[in-house]
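# Examination of the molecular architecture
The chain contents come next:
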Amino acid sequence: MDTKRFETEVIHKGYHALQHHGSLSPPIFQTSTFVFDTAESGAKRFAGEEEGFIYSRLSNPTVAMLEERIASMENGEKGLAFGSGMAAVSAILLGLTKTGDHILCSEGVYGCTFGLLTLMEEKYHITHNFHSMSDEDSLRSAITDYTTVIYVESPINPTMKLVDIEMVSRVAKEYGIPVVVDNTFCSPYLQRPLDIGCDVVIHSATKYLCGHGDVIGGLAVGKKELLSHLAMTTQKDIGGVMSPFDAWLLLRGMKTLPVRMDRHCDNAKKLAALLKEHPAVENVLFPGDEDFPQYELAKKQMSNAGGLISFEIKGNKAMAQKFMNSLELIKIAVSLGDAETLIQHPSTMTHAVVPEENRMQMGISDRLLRLSVGLEAWEDIWADLEKALNQL
Ligand code: 3LM
C-alpha cells in the first residue's frame with residue numbers, strides 16, 4: 001500500500017502486519033512468551049536468523065503494530081514503545097551516552113527529565129547544561145568536546161518557549177551530534193521534528209497520542225540502525241516496555257488524534273485570547289498568540305499552536321491556588337492532552353523536583369499555571385475560568 005495522508009495512516013498503518021482473522025479492531029496478544037516449533041527454530045530466532053516473536057519484552061505483535069504506526073506518523077524508519085514517557089527518555093539518553101559525556105539541553109525540560117539528568121550526573125558523571133539555543137553562534141559556543149547529545153523540548157513544559165529544531169539540527173550535524181526532540185506537547189499532527197533534521201523523536205504517549213487519560217506510555221522514533229541498537233540494549237535490558245493492552249488503547253486513541261487536535265487547538269486559541277484580556281491574568285504564554293515572542297518560529301515549525309496555555313495570576317502563590325480551588329468543571333490534575341480540561345501548578349507539581357533557582361531561570365514562578373485545554377465546549381471552559389478569576 002502506498003503512503004496515504006496523515007489522517008488516513010493514523011487509522012490504517014500497520015494493520016496488515018497482523019494475522020487478525022478479519023477483526024477490524026486489532027487483537028491484543030496478551031502473552032508473555034511465544035512457542036517455538038523446534039529447539040532449532042528457537043535458536044535461530046535468538047540468533048536473528050529466523051523471523052518471529054520470542055518473548056514480549058523483546059517484541060509483541062500488538063506493540064509492534066503501534067511501533068509501525070508511530071513511525072509512520074513521525075515519518076521515521078522505526079518506532080519503539082515503552083512503559084512510560086520517562087522509560088523512553090531514559091532509554092534514549094542512557095543509550096546515547098557514557099561516563100564523561102555531556103548533554104546539551106533546551107532552556108527547560110519536564111520535571112522528571114530534569115530529575116533523570118541530575119541522577120545521570122551524580123551517579124554516572126554524565127554532565128548537562130541548559131541553554132536557550134536562540135541563535136547559531138551561542139549554540140556553537142555551548143557545544144563542548146564532550147557533547148554527545150542535544151536534547152530539546154519544544155514547546156518546553158510548562159513555559160511554552162520554543163527551540164528552532166531545524167537550526168539546532170543543522171548545527172548539530174556539523175559536529176556529528178544527534179538531536180533528540182521531545183515532541184509530547186505537539187504530537188506528530190502539529191510538528192514532525194524528523195522532517196526538519198532531528199535524529200530521534202520522543203513522546204509521552206500518555207498525553208495527546210492516547211487522548212483519554214487511561215494509559216501511561218512512551219514512544220521513540222528514528223533511523224532504523226540507531227533505534228534497532230537501542231531496542232537491543234537499553235530498551236531490552238533495562239526493560240521498560242509497553243504492555244499489549246496499553247498498545248491497543250493507544251492504537252485506538254490515535255485514530256482520532258487529528259480531529260481531537262483540531263478541537264484542542266481551536267478551543268485553546270479562543271481561551272488564550274480571553275485570558276489575555278482578563279485583569280486578574282498576566283503573561284499568557286501561548287504560541288498561537290501574535291504577541292508571543294516566538295510567534296514566527298511557531299508558525300514556521302508547528303502547523304497549529306496546540307492545546308496548552310500557561311499564564312500567571314496577578315498576585316501570589318496563594319491566589320493562584322485559590323483560583324484553582326474555585327474551578328468546578330476544570331479538574332486540578334497533572335498530565336495533559338485529555339478530553340477533560342486540566343489545570344496544574346508547575347512549581348508545586350510537575351516541576352516541584354526542580355530547585356527554586358533553576359525554576360526561576362526556566363521562568364517557572366509560583367504564580368504560573370498550566371492549562372491543558374480539553375474538548376469540552378469552549379464557552380463552558382471559559383465560564384468556569386471567568387467565574388474563578390472574578391473571585392480573586
Ligand atoms: C505533566 N508530563 O503533567 P510519562 N516529556 C514531557 C512530559 O510532559 C512528560 C514526560 C515526558 C507530565 C506528567 S507530572 C507527575 C505528570 C514533555 C510528562 C513523561 O512518563 O508518560 O509521564 O511522560 O507535564
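Use the structure listed above.
In what follows, the accompanying structure is described. (Residues numbered from 1 in each chain as written. Predicted model: local features only at pLDDT ≥ 70, side-chain atom pairs only at ≥ 80, totals over all residues. Heavy atoms only, no water.)

Below, the discussion takes up the pattern of salt bridges. Applying the stated rule across the entire model yields 15 salt bridges. Salt-bridge contacts for Glu 136 lead to Arg 170; the nearest nitrogen and oxygen are separated by 2.7 Å. Of the two residues, Glu 136 sits in helix H6 (residues 136-142) while Arg 170 sits in helix H7 (residues 165-175), which places them 34 residues apart along the sequence. For Arg 192, the salt bridge is made with Asp 195, and the minimal N-O distance between the two is 3.6 Å. The network of salt bridges with shared partners includes Glu 136, Arg 140, Glu 166, Arg 170 and Glu 174. (Salt bridge = Lys/Arg side-chain N within 4 Å of Asp/Glu carboxyl O. Helix = DSSP H or I, 4+ residues; strand = E, 2+ residues; numbered from the N terminus.)

What follows is about the nonpolar core. One finds Leu 66, Leu 93, Ile 103, Ile 150, Tyr 151 and Val 168 to be the most contacted residues of the largest nonpolar core, which totals 90 residues. Ranked by residues supplied to this core, first place goes to helix H4 (residues 85-96) with 7 residues. Sequence-distant contacts of Leu 93, defined by excluding residues within four places in its chain, comprise Ile 103, Leu 116, Leu 117, Met 120, Val 149 and Tyr 151. Counting 26 residues, the second largest nonpolar core, distinct from the first, contains Ile 309, Ile 313, Ala 320 and Ala 388. (Core = buried A, V, L, I, M, F, W, Y, C linked by side-chain atoms within 4.5 Å. Buried < 20%, exposed > 50% of the residue type's maximum accessible area, 1.4 Å probe, protein only. Contact = heavy atoms within 4.5 Å.)

Neighbouring residues of the ligand: 17 residues in total, closest Asp 182, Thr 206, Lys 207, Ser 335 and Arg 370. At 2.9 Å, a backbone N or O of Met 86 approaches an oxygen atom of the ligand. At 2.8 Å, a side-chain N or O of Arg 370 approaches an oxygen atom of the ligand. Across the complex, the protein chains shield 86% of the 560 Å² of accessible surface that the ligand would expose by itself. In this structure the site holding the ligand corresponds to the second largest pocket. (Near = heavy atom within 4 Å. Polar contact = N/O pair within 3.5 Å; in protein donor to acceptor, adjacent residues only side chain to side chain. Areas by Shrake-Rupley, 256 points an atom, 1.4 Å probe, with all protein chains shown as cover. 1 Å grid on protein atoms, 1.4 Å probe; cavity = no way out; pocket = protein on both sides within 12 Å on 5 of 7 lines; lining within 4 Å. Sits in = over half its atoms within 2 Å of the grid points.)

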